[in-house]
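These are the residues of each chain, in order.
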Amino acid sequence: MGRAFEYRKAAKMKRWGHMAKTFTRLGKQIAIAVKAGGPDPETNPTLRSIIATCKRENMPKDNIERAIKNAQGKDQSDYKEVTYEGYGPHGIAIFVDTLTDNTTRTVADVRSVFNKFSGNLGTTGSLSFLFDHKCVFTFKKKDDIDMDDLILELIDYNVDDEFDENYDEEKDETTISIYGDPKSYAQIQHFLEDKGFEEIGGEFTYIPNDVKDVDAEQRATIDKMVEKLEEFDDVQTVFTNMKPAEE
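Predicted, not measured: the structure shown is a model, and the values here were computed from it.

S.K.: Help me out: how do you make sense of the nonpolar core in this one?
M.R.: Within soluble globular proteins, side chains that are nonpolar generally end up buried alongside one another. Of all hydrophobic cores here, the largest spans 17 residues; its most connected members are Phe 137, Phe 139, Leu 150, Ile 178, Ile 188 and Leu 192. At the level of elements, strand S5 (131-140), helix H6 (147-153), strand S7 (173-180) and helix H7 (185-194) are the ones that each hand at least two residues to this core. The element that contributes the greatest number of residues to this core is H7, accounting for 4 residues. Discounting chain neighbours no more than four positions away, the residues touching Ile 188 are Cys 135, Phe 137, Leu 154, Tyr 157, Val 159, Ile 178, Gly 180 and Asp 181. Tyr 84, Val 110, Phe 114 and Val 235 belong to the second largest nonpolar core, which has 16 residues in total.

Written as structure tokens, this is what we have:
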């Protein structure tokens, strides 16, 4: 069983990415998807996948429809996906994913937080050796599907041979999360849809290939830095290589 999977399992994945204002984040993703492929989810697979993620995050239907409508407006700004990376306190590596219509504003905001916490904002790609960039798809489990066989069928798309399985007591359903090569995002989504899986939510993540242990005081400082970054509307998700707190 791979080291990255062990960390991912312990942290339940989403703890690597501290979620920033979820509905705002998803709304911007909808805007990008609509501008790239149109407002109809039936003909826009990227939008279809984001809508599935919205539903899983309990985003109201009215919010989703309003975001799609707003994305078609003439005055809707074009967002760019920009990732900033650097080191925070205690040598913790930090990735900051953003969607922005003003990179000058965004980099100034991000840099101000790094400076405040005595961190160093690096150049793009400077921390790529510390993280594995993955696409992740989450979907409802089907009783008639053998997951080992499914993963084997996805081997051509460089899907990891380990997967996460989570049971939601409130919804009384089990979901599966699989991880693969970001370049194969569209092919993986198409494959899962052809297999009849429902509400296939897809996104991208950074998984540390190793983690750094910290004490309680250091963890509190890093958590505070992450919170400050998440206060900015442009920030989508923050990833670190800090070892997850034990439950």
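This is not the end of the story, as more comes after the structure.
S.K.: Would you take a moment to explain the packing of aromatic side chains for this structure?
M.R.: Working definition: an aromatic ring pair is given by the centre-to-centre distance plus the angle between the planes. All told, the structure shown has 8 aromatic pairs when counted by the stated rule. Pairing Phe 131 with Tyr 206 gives two aromatic rings, centres 6.5 Å apart and planes at 90 degrees, and the pair type is edge-to-face. A residue pair is termed long-range when its members are at least 10 positions apart, and Phe 131 in strand S5 and Tyr 206 in strand S8 (residues 201-208) qualify at 75 residues. Of the two residues examined, Phe 131 and Tyr 206, each falls in the buried class. Residues Phe 137 and Tyr 185 carry aromatic rings whose centres are separated by 4.7 Å and whose planes lie at 45 degrees to one another, so their mutual orientation is tilted. In this pair, Phe 137 sits in strand S5 while Tyr 185 sits in helix H7, placing the two residues 48 residues apart along the sequence. Given a relative accessible area of 1%, Phe 137 falls into the buried group. Residue Tyr 185 is classed as buried on the basis of its relative accessible area, which comes to 10%. Among the aromatic side chains, those forming a connected cluster through ring pairs are Phe 95, Phe 131, Tyr 206 and Phe 239. In this arrangement the basic side chain of Lys 142 is found over the ring face of Phe 197, its NZ or CZ atom lying 5.3 Å from the centre.

S.K.: Hey, could you run me through the pattern of salt bridges in this one?
M.R.: Any two side chains of opposite charge can pair, on the condition that their charged atoms come close. A full pass over the atoms with the stated rule returns 11 salt bridges. Asp 234 is the partner of Lys 28 in a salt bridge, and the nearest nitrogen-oxygen pair spans 3.3 Å. In this pair, Lys 28 is assigned in helix H2 (residues 22-37) and Asp 234 in the loop between helix H8 (216-230) and strand S9 (235-240), connecting sequence segments 206 residues apart. Side by side, Lys 28 and Asp 234 carry an identical accessibility label, which is buried. Among the ionic pairs, Glu 193 bridges to Arg 48, the shortest N-O distance being 2.7 Å. Linking Glu 193 in helix H7 with Arg 48 in helix H3 (residues 45-56), this pair joins segments that are 145 residues apart in sequence. Assessed through its relative accessible area of 26%, Glu 193 is described here as partly exposed. Exposure remark for Arg 48: the relative accessible area of 24% places this residue in the partly exposed category.

S.K.: It is not clear to me how the side chain of Thr 175 should be interpreted in this structure. Could you clarify?
M.R.: Considering the arrangement of structural elements, one finds Thr 175 in strand S7. In this structure, Thr 175 is in contact with Arg 56, Thr 138, Phe 139, Lys 140, Lys 141, Asp 164, Glu 165 and Asn 166, ignoring residues within four places of it in sequence.

S.K.: How do you make sense of the sheet that holds S7 when you look at a structure like this?
M.R.: If you trace the 4 strands from one edge of the open sheet to the other, you get S6-S7-S5-S8, paired in antiparallel fashion. Sheet topology places strand S6 (164-168) and S8 at the edges, where each strand pairs with a single neighbour. This sheet shows a mean twist of 30 degrees between the axes of neighbouring strands, independent of strand direction. Looking at chain direction, S5 and S7 are connected through 6 bridges and run antiparallel. Looking at S7, one finds that Phe 137 is bridged to Ile 178. Helix-sheet contacts for H3 involve S5, S7 and S8, and the interaxial angle to S8 is about 80 degrees.

Criteria and thresholds
- Residues numbered from 1 in each chain as written.
- Predicted model: local features only at pLDDT ≥ 70, side-chain atom pairs only at ≥ 80, totals over all residues.
- Heavy atoms only, no water.
- Core = buried A, V, L, I, M, F, W, Y, C linked by side-chain atoms within 4.5 Å.
- Buried < 20%, exposed > 50% of the residue type's maximum accessible area, 1.4 Å probe, protein only.
- Helix = DSSP H or I, 4+ residues; strand = E, 2+ residues; numbered from the N terminus.
- Contact = heavy atoms within 4.5 Å.
- Phe/Tyr/Trp six-rings, centres within 6.5 Å; stacked < 30°, edge-to-face > 60°.
- Lys NZ or Arg CZ within 6 Å of the ring centre and 35° of its normal.
- Salt bridge = Lys/Arg side-chain N within 4 Å of Asp/Glu carboxyl O.
- Pairing = 2+ DSSP bridges.
- Axes fitted to C-alpha atoms, helices over the stretch in contact; angles between N-to-C directions.

Keep in mind these values describe shape, not function.
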